[in-house]
Amino acid sequence: MTGGGVAKGGHRFHATILREYDIRGIVGETLSEADATALGRAFAVALAEEGGPSRLVCVGRDGRVSSPALEAALVKGLCESGVNVARVGLGPTPMLYFAVKELKAGGGIMVTGSHNPPQHNGFKLVLGARTLYGDDIKNLGEIAGKGRFASGQGTVEDVEVAERYVARLASDYRGKRELRVAWDAGNGAAGEIMARLARRLPGRHILLNEKIDGTFPSHHPDPTVAENLRQLQKTVIAESCDLGVAFDGDGDRIGVVDDTGAILWGDQLLVFLAEEVLAERPGATIIADVKASQVLFDEIAKAGGRPLMWRTGHSLIKAKMAEIGAPLAGEMSGHIFFADRYYGFDDALYAAVRVLGVVSRMEGRLSEARARLPQVVNTPEIRFPCADERKFAVVSEVAGRVVEAGADVETVDGVRVKCHDGWWLLRASNTQAVLVARCEAKTQEGLDRLKRDLAAQLAASGITPPAF
Ligand SMILES: [Zn+2]
C-alpha cells in the first residue's frame, strides 16, 4: 500500500512544536487537528522507509479534553496513508509502549501533553524499537512540508490491552511483608491502570486522584515539583503508610515519598533499585543522567555495578541503554527504565511495582534505609533563562575555562566539574531557552563554595547567576 500517489500540497507545523523529544503545542494556538492528520501521514512515510515489516501502528491517548479529537485526526492521517491502526484508547504512555511490543507493531504514537498545563497537548512517537527524537522529528516536519505523502487505505481496530498490561505489571511483584501504600495519579492518564494494579497487589492501598480528569482539579500531575506531592505526603503520614507513589500526567515518570513523607528524588530511588538488579546481575552497567547525585554513582560501584553517566533526556537514555544492553537506567526527573525482566522503556507503573517489592523485602523502614546512604547537601535542579542562541555557547565557554584550569571535568552533557568534596553541573536545556545547574557537596560550606564557583563562571560569560 506504500509508495502510492503523493498528495498535493504540504503541511507546515508551527515552528515551536517539533521539539527535541516530542511534538508539543498549545491546542488551538500552535497545535491543531490538521497537524495531527499531517503527522499521521508523515509518520506513515517514515514507517515505510525505515520501519520493520509491520504496517501496524498503535495509537493511545491521555485524558486531556483535546485528546479524543487529536487522536481521531491522527488515526485518519495514518489510515489514509495505508497504515493499519490499533487504537488502544485511554491510558498512560507506557501502556502504549507495551501495546507496540505486545502486538509486534511497527510503531506507536501517544497523544499526550504529559505533565503540562491542561490546554497543552502533543505526541510521543515510537518507530520500530526506538523513540523518535531530534533529527527524526525534524524529518517528519520535512516530509509534511514537502507534501511527500503516500496514499492507501488502512484498517482501524480498537484493541483492548489494559487487562494484559495490568497483569504483566502485577506479575513482576516480588514482595515479602505486606505494605500500606498511598498512590496518587494526579487525575492523569495512569489513574485507572493504577487503581486496577493496586487491587491486584497484596497489602492495603489508598488511592488518590485516580479519576482521569484532564482539567487536573486536585494538583498538577508533575511529581518532580514538591508542592504536587503534598497531598500524598499528608496521606502517607495520616494513614501510617510504608511509602507513597505518584505519577506524572502520562505515567512515564514516578515520584516516591518514604514513610515519614520525605521525598525520594529519582536518583535516590535508583540507588535502591540498582542494588536489587545488581544482586542478580553483578557487574552490570547502570545508567543515570548527568544531574544525578554522586552518591548514586558511588553506590552503584559499591554494589558491584558499573555506573555510567549519560545525557539527560528520556529518548537519549533509552537509546544508550539499548546500545550497551544496560538492565536499568534512570533520570532525576523520575523516568526509570527497566530492561531487567522488562522492555527497557520508561514505565512509572512498572517502576512502582519494583519499588514496592524492594520496600517489602527491606529490613526496617524506607526512611531508615535512606538515612544509611552517605549524606550530602545538594541543590535541586535549578533552571534559569538564557537565550537559545547563547545557551550552548555559554556552556562551552565555561567548559573551556575549567578544562584550561585543570579541573576534573565530565562533558557528556554540558559541563560537570568534580572536586574533592562535591561537584557542580551546568548544561543547556534541549527543549527551552534555559540553562540548568545543580551543585552537591559533603557539607554546607562546600556547597556554598561550589555555588560561588559556578556563579563566577556564569558571570564571566555575561550571565546573571540565578538565586541558588
Ligand atoms: Zn510524562
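Details of the structure are given in the entry above.
Since the model is a prediction, treat every value here as computed from it, not as a measurement. (Residues numbered from 1 in each chain as written. Predicted model: local features only at pLDDT ≥ 70, side-chain atom pairs only at ≥ 80, totals over all residues. Heavy atoms only, no water.)

Turning to the pairing of strand 22 (residues 434-441), a few remarks are in order. Sheet faces and side chains relate simply in a regular strand, where the side chains alternate between the two faces. Strand 22 sits mainly inside the fold: 8 of its 8 residues count as buried. Every second residue of strand 22 is oriented toward a common face, with Val 434, Val 436, Arg 438 and Glu 440 on one face and Leu 435, Ala 437, Cys 439 and Ala 441 on the other, all of them buried. Bridge count between strand 18 (residues 382-385) and strand 22: 4 bridges; the pairing is antiparallel. Its bridge partner being in strand 22, Phe 384 is matched across the sheet by Leu 435. Direction of pairing for strand 21 (residues 422-428) relative to strand 22: antiparallel, over a ladder of 7 bridges. Paired with Leu 425 across the strands is Arg 438, a residue of strand 22. (Buried < 20%, exposed > 50% of the residue type's maximum accessible area, 1.4 Å probe, protein only. Helix = DSSP H or I, 4+ residues; strand = E, 2+ residues; numbered from the N terminus. Pairing = 2+ DSSP bridges.)

Our next topic: the environment of Thr 93. You can see Thr 93 is positioned in helix 3 (residues 93-102). Sequence separation between Thr 93 and Asp 250 is 157 residues, and the spatial gap between their C-alpha atoms is 5.5 Å. Apart from the residues lying within four places of it in its own chain, the contact partners of Thr 93 are Met 110, Thr 112, Lys 124, Asp 250 and Asp 252. (Contact = heavy atoms within 4.5 Å.)

All right, on to the packing of aromatic side chains then. Applying the stated criterion to the full structure yields 9 aromatic pairs. Residues Phe 338 and Tyr 350 carry aromatic rings whose centres are separated by 5.4 Å and whose planes lie at 75 degrees to one another, so their mutual orientation is edge-to-face. Taken together, the positions of Phe 338 in strand 16 (residues 336-338) and Tyr 350 in helix 11 (residues 348-361) put the pair 12 residues apart, joining distant regions of the chain. In this structure, Phe 338 and Tyr 350 share a single accessibility class: buried. Within the aromatic cluster, the residues linked to one another by ring pairs are Tyr 97, Phe 98, Tyr 165, Phe 338, Tyr 342, Tyr 343, Phe 345 and Tyr 350. In this arrangement the basic side chain of Lys 320 is found over the ring face of Trp 310, its NZ or CZ atom lying 4.3 Å from the centre. For Arg 416, the ring lying beneath its charged end belongs to Trp 423, and the centroid distance is 3.6 Å. (Phe/Tyr/Trp six-rings, centres within 6.5 Å; stacked < 30°, edge-to-face > 60°. Lys NZ or Arg CZ within 6 Å of the ring centre and 35° of its normal.)

Moving on: the packing of helix 5 (residues 162-171) against helix 6 (residues 191-200). Orientation of helix 5 relative to helix 6, taken along the N-to-C sense of each, is 45 degrees, at an axis distance of 10 Å. The orientation of helix 5 with respect to helix 6, classified from their angle, is oblique. At the point where helix 5 passes helix 6, the crossing takes the right-handed sense. Contacts from Ala 162, Glu 163, Tyr 165, Val 166, Ala 167, Leu 169 and Ala 170 of helix 5 reach helix 6 at Ile 193, Arg 196, Leu 197 and Arg 200. Counted by class, the contact of helix 5 with helix 6 contains 8 nonpolar, no polar and 3 charged residues. (Axes fitted to C-alpha atoms, helices over the stretch in contact; angles between N-to-C directions. Parallel < 35°, antiparallel > 145°, perpendicular 65-115°, else oblique. Left-handed = near helix turned anticlockwise from the far one by under 90°. Nonpolar A, V, L, I, M, F, W, Y, C, P; charged D, E, K, R; others polar.)

Let us look at the pattern of salt bridges. For the structure shown, the criterion picks out 42 salt bridges. Two residues, Asp 172 and Arg 168, come together in a salt bridge whose shortest N-O distance is 3.6 Å. The two residues Asp 172 and Arg 168 agree in class, both being buried. Several salt bridges share partner residues, and in doing so they unite Glu 276, Arg 281, Asp 340, Arg 354 and Arg 361 into one network. (Salt bridge = Lys/Arg side-chain N within 4 Å of Asp/Glu carboxyl O.)

Right, let's talk about the nonpolar core for a bit. Counting residues in each nonpolar core, the largest one holds 74 residues, and the members touching the most others are Trp 183, Leu 243, Phe 247 and Ile 254. Among the elements that make up this core, the one with the highest residue count is helix 11 (10 residues). Those residues within four positions of Phe 247 in sequence are excluded, and the remaining contacts are Trp 183, Asp 184, Ala 185, Ala 190, Met 194, Pro 221, Pro 223, Arg 253, Ile 254, Ala 348, Leu 349 and Ala 352. (Core = buried A, V, L, I, M, F, W, Y, C linked by side-chain atoms within 4.5 Å.)

Another aspect to go through is the coordination of the zinc ion. Coordination of the zinc ion by the protein involves Ser 114 (OG), Asp 248 (OD), Asp 250 (OD) and Asp 252 (OD), with metal-donor separations of 2.0 to 2.5 Å. Classification of the site at the zinc ion as irregular follows from its 4 donor atoms and the range of 91 to 165 degrees in their angles at the metal. The sequence pattern describing where the donors of the zinc ion fall on their chain is S-x133-D-x1-D-x1-D. (Donors = N, O, S within 2.8 Å, 3.2 Å for Na, K, Ca; no water. Tetrahedral: all angles 85-135°; square planar, octahedral: opposite > 155°, others 65-115°.)

Moving on, we come to the environment of Ala 167. Relative to the helices and strands, Ala 167 is located in helix 5. Separated by 216 residues in the primary sequence, Ala 167 and Arg 383 have C-alpha atoms spaced 39 Å apart.

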